[in-house]
Amino acid sequence: MDLVVYLSGEIHSKWREEVVEGCQDAHLPLEFLAPVTVHEASDDVGADILGQEDNKFWHDHKSAKINTIRIRTGIKKADLVIIKFGEKYRQWNAAFDAGQAAAMGKPYIVIHPEEFTHALKEVDAQAMAVAKTAGEVVKILRYIATQK
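Residues numbered from 1 in each chain as written. Predicted model: local features only at pLDDT ≥ 70, side-chain atom pairs only at ≥ 80, totals over all residues. Heavy atoms only, no water.

Draft legend 1. Quick look at the side chain of lysine 84. Relative to the assigned elements, lysine 84 resides in strand E3 (residues 80–84). It turns out lysine 84 is buried and unbridged, and the closest side chain with the opposite charge, glutamate 10, is 4.2 Å from it. Leaving out residues up to four positions away in the same chain, lysine 84 has contacts with Ser8, Gly9, Glu10, Trp15, Gln91, Ala94 and Ile111. (Helix = DSSP H or I, 4+ residues; strand = E, 2+ residues; numbered from the N terminus. Buried < 20%, exposed > 50% of the residue type's maximum accessible area, 1.4 Å probe, protein only. Lys, Arg positive; Asp, Glu negative; His and termini not counted. Salt bridge = Lys/Arg side-chain N within 4 Å of Asp/Glu carboxyl O. Contact = heavy atoms within 4.5 Å.)

Written as structure tokens, this is what we have:
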């Protein structure tokens, strides 16, 4: 089963690489899409393309709109969305991506540590699975793609 998987969420760890490499090692027929994960590039894309802003709000606003085009398009193309909530920063954008996936009827899997369970209870309630590690996600993807 060929699937398109969108990898959303925190950008401060190698979880995406772990998922992609684990799936490649298992020879799974999956295509992966993701947001821009270079923090500076994502934060500054609006000003870089459309011009500098004196006000930080408008600087961020321009970038957020351009990034949303990529994110929303990726989620729409995806058959499944994986959303990682990292331990270091609050990822409001990841929660928003979960909401978008749910609104579009896209199944999603979340990854987060046990201590986030209460804070993410509404996000988890809509998820098809709640994993603690990238390795668990690879096992889920293997099962979905190959029934093994």
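Once the structure has been displayed, the description carries forward.
Draft legend 2. Representation of helix H6 (residues 134–146) within the structure. An ideal rise of 1.5 Å per residue puts 18 Å on 13 residues; H6 measures up with 18 Å between its terminal C-alpha atoms. Along H6, the positions that sit buried rather than exposed are Ala134, Val137, Val138, Leu141 and Ala145. The arc that holds every buried residue of H6, seen down its axis, measures 100°, which confines them to one face. Away from its buried face by more than 90 degrees, H6 exposes Lys139 and Tyr143. Summarising the contacts, the buried residues of H6 are in contact with strand E1 (3–9), helix H1 (15–25), strand E2 (30–33), E3, strand E4 (108–111) and strand E5 (129–131). Within two residues after H6, glutamine 147 carries a phi angle of roughly 60°, on the positive side. (Expected span 1.5 Å × (residues − 1). Arc of directions from axis to C-beta.)

Draft legend 3. Structural view of the side chain of lysine 62. Residue position: lysine 62 is located in helix H3 (residues 56–77). At 3.4 Å, the side chain of lysine 62 and the backbone oxygen of leucine 50 are in polar contact. (Polar contact = N/O pair within 3.5 Å; in protein donor to acceptor, adjacent residues only side chain to side chain.)

Draft legend 4. Seen up close, the packing of helix H2 (residues 39–50) against H3. It is at 7 Å that the axes of H2 and H3 come closest, and there the two elements cross at 100°. By the angle between their axes, H2 is roughly perpendicular relative to H3. Here H2 contributes Ser42, Asp43, Asp44, Val45, Gly46, Ala47 and Leu50 to the contact with H3, which in turn contributes His59, Lys62, Ser63, Ile66 and Asn67. Residues of the contact of H2 with H3, tallied by class, amount to four nonpolar, five polar and three charged. (Axes fitted to C-alpha atoms, helices over the stretch in contact; angles between N-to-C directions. Parallel < 35°, antiparallel > 145°, perpendicular 65-115°, else oblique. Nonpolar A, V, L, I, M, F, W, Y, C, P; charged D, E, K, R; others polar.)

Draft legend 5. Seen up close, the packing of H3 against helix H4 (residues 92–103). Close contact between H3 and H4 brings their axes to 10 Å; oriented N to C, the two are set at 40°. Taken together, H3 and H4 sit at an angle that is classed as oblique. For the pair H3 and H4, the sense of crossing is right-handed. Here Ile71, Arg72 and Ile75 of H3 lie close against H4, whose contacting residues are Asp97, Gln100 and Ala101. Classifying every residue of the contact of H3 with H4 by side-chain character gives three nonpolar, one polar and two charged. (Left-handed = near helix turned anticlockwise from the far one by under 90°.)

Draft legend 6. View of the pairing of E2. In this structure, E1 lies alongside E2, joined through four bridges in parallel fashion. Counted as the bridge partner of leucine 3 is leucine 30 from E2. Considered for its hand, the β-α-β crossover made up of E1, H1 and E2 is right-handed. (Pairing = 2+ DSSP bridges. Right-handed = clockwise from strand over helix to strand, strands pointing away.)

Draft legend 7. The arrangement of the pattern of salt bridges in detail. Taken as a whole, this structure holds four salt bridges when the rule is applied. Ionic pairing is found between lysine 56 and aspartate 60, a salt bridge with its closest N-O pair at 3.0 Å. Here lysine 56 and its partner aspartate 60 are both found in helix H3, four residues apart, which amounts to about one turn of the helix. We classify lysine 56 as exposed; its relative accessible area is 51%. Two residues, glutamate 114 and lysine 132, come together in a salt bridge whose shortest N-O distance is 3.8 Å. Residue glutamate 114 is found in the loop between E4 and helix H5 (121–126), and its partner lysine 132 is found in the loop between E5 and H6; the two are separated by 18 residues along the sequence.

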